[in-house]
Amino acid sequence: MAGNPERRAALVDAGIEVLSREGARGLTFRAVDGEAGVPTGTASNYFASREDLLRQIDARLHVRLAPDPEVMEALLRRPRDRSLVRTLMQDIMDRATRDRTGYLALLEMRLEATRRPELRASFTKSVRGDLEQGIEFHRRSGLPGGDETVTVLYLAMLGLILEHLTLPGVLDGVLDGVGVPEGLVDRIVTTIVPEG
């Protein structure tokens, strides 16, 4: 396997672009090479298999979609109340919207995991780890609500992000006077998170 880390990272990012645009069936080494603008055969020198590429895409997506530590540090100086949870959920929505390609690739990874048992196992572990990390963050931070609150927030935000990034017209005007997505983030948090 080739060892240039910058080239590998560029190929993984190119794979994310291909995956988000073409789906898993379009994710070939040739397509990744084309997206990255490198000679044909380059990706096959960096990844042992398509599954290896998918695992590395999974890891990279978690980095791309992760919160900015400086933003989080500033936010956590605020009171631990529903308003802070609302801001944290808006940050998640903003990150998904800013890196729409990355989030769509993450959705494609979910679909591909339904077809590939070996990917399903590793991707389930990865996503479950994210959920458990969110629950632990909520506990450690002293935010209102418990594990159930975080789990229901996770499910509601996942649904909102899915609709907003794939079929945004579905939610337009569904609730009178509630903007998409900001107003819906507010409604989700107000409905799920206790005030205290």
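Structure first, text after, so check above.
A short tour of the structure in this document, coming up. Only a predicted model underlies this, so the values are computations on that prediction, with no experimental measurement involved.

Examining the side chain of H164
Reasoning step 1: In this structure, H164 sits in helix α9 (residues 147-166).
Reasoning step 2: Assessed through its relative accessible area of 17%, H164 is described here as buried.
Reasoning step 3: Contact partners of H164, with chain neighbours within four places excluded, come to M93, T97, L171, V180 and P181.

Points about the packing of helix α1 (residues 5-22) against helix α4 (residues 50-64)
Packed helix pairs are specified by the crossing angle of their axes together with the interaxial distance, meaning the distance between the axes.
Reasoning step 1: In the contact formed by α1 and α4, the axes pass within 10 Å of each other and the chain directions differ by 90°. Accordingly, the angle class assigned to the pair α1 and α4 is roughly perpendicular. Residues R8, V12, D13, G15, I16, E17 and L19 of α1 form the contact with α4, whose own contacting residues are Q56, I57, R60, L61 and R64.
Reasoning step 2: Of the residues that constitute the contact of α1 with α4, the class distribution is five nonpolar, two polar and five charged.

Structural notes on unusual backbone geometry
Reasoning step 1: In this chain, V180 is followed by P181 through a cis amide linkage whose omega measures 0°.
Reasoning step 2: Here P181 is to be found in the loop between α9 and α10 (182-192).

What counts as what
Residues numbered from 1 in each chain as written. Predicted model: local features only at pLDDT ≥ 70, side-chain atom pairs only at ≥ 80, totals over all residues. Heavy atoms only, no water. Helix = DSSP H or I, 4+ residues; strand = E, 2+ residues; numbered from the N terminus. Buried < 20%, exposed > 50% of the residue type's maximum accessible area, 1.4 Å probe, protein only. Contact = heavy atoms within 4.5 Å. Axes fitted to C-alpha atoms, helices over the stretch in contact; angles between N-to-C directions. Parallel < 35°, antiparallel > 145°, perpendicular 65-115°, else oblique. Nonpolar A, V, L, I, M, F, W, Y, C, P; charged D, E, K, R; others polar.

Shape descriptors only; they carry no functional weight alone.
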